[in-house]
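Here's the letter readout for the chains.
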Amino acid sequence: MTDTLPPCPACSSEYTYEVGGLLTCPECAHEWTLEAESGAADDGVIRDAVGNVLADGDTVTVIKSLKVKGSPTGIKAGTKVRNIRLVQGVGDHDIDCKVDGIGAMQLKSSVVKKV
Ligand SMILES: [Zn+2]
């Protein structure tokens, strides 16, 4: 039965067990439900263009050239952006960041890739 249970999301322990629908990790005492885990993907998690989960402070690469208002060059594909901050931005802009040569702006997570 243990081989059908997912590893602990908190510490990756494989020794998880189920008690009354609740999954429990014996190594870090984390408890969670399968339902909560399967729904987690859309629950406030921001992913990059290839599905990596993004977090505050990550460094990302812009994967396609973007036009930027007020900038003659815009952002070129391959531009590295350090220390991003996840926000509830306008539309689907969900990354707050500072781009070298351009300044503070917001990006969509769908046009970046975690480094
Ligand atoms: Zn654990």
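Residues numbered from 1 in each chain as written. Predicted model: local features only at pLDDT ≥ 70, side-chain atom pairs only at ≥ 80, totals over all residues. Heavy atoms only, no water.

Asks: Run through the sheet that holds strand β2 (residues 22-24), naming residues and quoting values.
Replies: Strand order in this open sheet of 3 strands is β1-β2-β3, and the pairing throughout is antiparallel. Looking along the sheet, the strands with just one partner apiece sit at the ends: β1 (17-19) and β3 (31-33). Strand-to-strand, the axes of this sheet are offset by a mean angle of 40 degrees, without reference to chain direction. Note that β1 and β2 share 3 bridges and pair antiparallel. Bridging from a neighbouring strand, E18 pairs with L23 of β2. (Pairing = 2+ DSSP bridges. Helix = DSSP H or I, 4+ residues; strand = E, 2+ residues; numbered from the N terminus. Axes fitted to C-alpha atoms, helices over the stretch in contact; angles between N-to-C directions.)

Asks: Could you give an account of the environment of K114, with specific residues and numbers?
Replies: Relative to the helices and strands, K114 is located in strand β9 (residues 112-114). Taking C-alpha positions, K114 is 7.1 Å from D58, a pair spaced 56 residues apart along the chain. In this view, K114 contacts D48, N52, V53, L54, D58, T59 and V60; residues no more than four positions away in its chain are not counted. A polar side-chain atom of K114 sits 3.3 Å from the main-chain carbonyl oxygen of V53. (Contact = heavy atoms within 4.5 Å. Polar contact = N/O pair within 3.5 Å; in protein donor to acceptor, adjacent residues only side chain to side chain.)

It is worth stressing that arrangement in space is one thing and function is another; only the former is reported here.
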